[in-house]
Amino acid sequence: MASHESTNDVDRREEKRDSDGGSVATNVVPRPIPGERRKVALITGITGQDGSYLTEFLLGNGYEVHGLIRRSSNFNTARLDHLYVDPHNAVKARMKLHYADLSDASSLRRWVDALLPDEVYNLAAQSHVAVSFEIPDYTADVVATGALRLLEAVRCATKPARYYQAGSSEMFGSTPPPQSEASPFHPRSPYAAAKVAAHWYTVNYREAYGLFACNGILFNHESPRRGENFVTRKITRAVGRIRLGLQTKVFLGNLSAARDWGFAGDYVEAMWMMLQQEEPGDFVVATEESHTVEEFLQAAFSYVGLNWKDHVVIDPRYFRPAEVDSLKGDSTKARKALGWKTKVGFQDLVKMMVDHDIEIAKREKVLVDAGYIDAQQQP
């Protein structure tokens, strides 16, 4: 399957929040406007958490969305399945996926030249901090040099495009909080160092070539679509399984690490807002609240009437070679210049994630009770 196309062709709709924090369109009334060209967005990392929420948002705003995905023997498009429309339905199919890779400059240039996007969002990355210590070369190639390859493709395109680079609060590392656009970077992992390089490549292309290129320095943003090997989702997934009797323990590392956690669905709107400004710039996006991993545990376990201390085991293997103690963003610039603000608070975010993972655990328990899977795979 060379491409995978989808849409949610909605010009007039009522929406309700679904179980994974996305939006479900009801009373759909497609109203295509003959002869009017839709804005075209190109997204790398479209199959990830942020990519799926951004795709929903852009489709809801009338965009045609193209995503670049890596070839895999297994489909990894689960976060986009609810948006899928058969590509033969030309009227509704406004999301299309194409094979490419940030490690392959020729594929990036080919699709930028073929699609002539109005906006390019570079969200793709090897984004797991701990894993970046295990595969530093690959992380640097995809996160840092991959951004450079994409910037060069945009620079050489026959049509100007606005470019968004996904930064990370991890770039600040050991810099004391609160961290703003003026705070110095002090990365503490190969992932963070690669993101710093991508940040400065973006600034350089903006200053050297006049590209409309923005850096979004997003602090930790979570959702029910977060990967299960990230600590927040690892916790809520465990809460659901423990609540249903499928597991008894969860193994974690540093519980005192503090992070500024927001909802990914809110943060993708900030990405889009940056590219709608008259002048490009760099913006910190954060809730301006910080919570420790222990506080996240307390909120998640207490929500279902459990004591986290009865179920958490500290495993030294989950400590990083260089820890980042505390991240807390100062998003004053984004609030004033973009008019952006977070909508989902910390407690509501935790509850959203736990509710979603309890439903997954319920479905899993049906399979366990029927003998299709082994519940003892985890202690």
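The paragraphs below set out a description of the structure included in this document. Not measured: the values here are computed from a predicted model.

## Here we look at the overall build of the protein
At step 1: Scanning the protein from N- to C-terminus turns up 10 helices and 16 strands.
At step 2: In the protein, which comprises 379 residues, the share counted as buried stands at 53%.
At step 3: Contacts spanning at least 24 positions in sequence make up 79% of the contacts within the protein whose residues lie at least 6 apart.

## Structural notes on helix α2 (residues 105-115)
At step 1: Burial in α2 covers these residues: S107, L108, V112 and L115. Seen end-on, α2 carries its buried residues on one side only, within an arc spanning 125°.
At step 2: Against β4 (40-44), β5 (64-69), β6 (95-99) and α4 (136-156) lie the buried residues of α2.
At step 3: With its phi angle positive at about 45°, L116 sits one or two positions after the end of α2.

## Things to note about the pairing of strand β9 (residues 213-218)
Here is the key point about a regular strand: its side chains alternate between the two faces of the sheet.
At step 1: Here β9 lies mainly inside the structure; six of its six residues are buried.
At step 2: Residues A213, N215 and I217 of β9 are buried on one face, and the alternating residues C214, G216 and L218, pointing to the opposite face, are buried as well.
At step 3: Inspection of the sheet shows strand β8 (residues 162-166) paired to β9 by four bridges, in the parallel sense. For Q165, the partnering residue across the bridge sits in β9 and is N215.
At step 4: The parallel pair β8 and β9 is bridged by helix α5 (residues 190-209), and the resulting crossover is right-handed.
At step 5: As defined by bridge partners, β9 adjoins strand β14 (residues 282-285) across four bridges and the pair is classed as parallel.

## Here's the deal with the environment of G281
At step 1: Relative to the helices and strands, G281 is located in the loop between α7 (264-274) and β14.
At step 2: Linking G281 and Y164, residues 117 residues apart in sequence, is a C-alpha distance of 9.9 Å.
At step 3: If we skip the residues at most four places from it in the chain, G281 touches R206, A213, C214 and N215.

## Examining the side chain of R237
At step 1: With respect to the helices and strands, R237 occurs in helix α6 (residues 231-243).
At step 2: Of note is the side chain of R237, whose polar atom sits 3.3 Å from the side chain of E228.
At step 3: Excluding residues within four positions of it along the chain, R237 makes contact with E228, D357, I360, A361 and E364.

## Some remarks on the packing of aromatic side chains
At step 1: For the coordinates displayed, the defined rule picks out 11 aromatic pairs.
At step 2: When the centroid spacing of 5.3 Å and the interplanar angle of 45° are considered together, the rings of F172 and F185 count as tilted. Here F185 lies in the loop between β8 and α5 and F172 lies in the loop between β8 and α5, a separation of 13 residues in the sequence.
At step 3: On the basis of relative accessibility, which here comes to 0%, the residue F172 falls in the buried class.
At step 4: Members of the aromatic cluster, each reached through a chain of ring pairs, are F172, F185, W200 and F219.
At step 5: The aromatic ring of F230 is capped on one face by R226, whose charged end is 4.0 Å from the ring centroid.

## Quick word on the pattern of salt bridges
At step 1: One pass over the structure, following the stated rule, counts 21 salt bridges.
At step 2: Ionic pairing is found between E152 and R109, a salt bridge with its closest N-O pair at 3.9 Å. Residue E152 is located in helix α4, and its partner R109 is located in helix α2; the two are separated by 43 residues in the primary sequence.
At step 3: Its relative accessible area of 18% is what places E152 among the buried residues.

## Some words on the side chain of S169
At step 1: Within the fold, S169 resides in the loop between β8 and α5.
At step 2: Using a relative accessible area of 1% as the deciding quantity, one classes S169 as buried.

## Notes on the pairing of β8
At step 1: With four of its five residues buried, β8 lies for the most part within the structure.
At step 2: In terms of strand pairing, strand β7 (residues 119-122) meets β8 through four bridges, oriented parallel. In the sheet register, Y121 faces β8, and the bridge partner there is Y164.

## Considerations on the environment of G245
At step 1: Structurally, G245 can be placed in the loop between α6 and β11 (250-252).
At step 2: Classification of G245 by relative accessible area gives exposed; the value is 59%.
At step 3: Taking the C-alpha atoms as reference points, G245 and A375, 130 residues apart in sequence, are found 8.8 Å from one another.

Reading guide: rules and limits
- Residues numbered from 1 in each chain as written.
- Predicted model: local features only at pLDDT ≥ 70, side-chain atom pairs only at ≥ 80, totals over all residues.
- Heavy atoms only, no water.
- Helix = DSSP H or I, 4+ residues; strand = E, 2+ residues; numbered from the N terminus.
- Buried < 20%, exposed > 50% of the residue type's maximum accessible area, 1.4 Å probe, protein only.
- Contact = heavy atoms within 4.5 Å.
- Arc of directions from axis to C-beta.
- Pairing = 2+ DSSP bridges.
- Right-handed = clockwise from strand over helix to strand, strands pointing away.
- Polar contact = N/O pair within 3.5 Å; in protein donor to acceptor, adjacent residues only side chain to side chain.
- Phe/Tyr/Trp six-rings, centres within 6.5 Å; stacked < 30°, edge-to-face > 60°.
- Lys NZ or Arg CZ within 6 Å of the ring centre and 35° of its normal.
- Salt bridge = Lys/Arg side-chain N within 4 Å of Asp/Glu carboxyl O.

Honestly, it's all geometry; don't read function into it.
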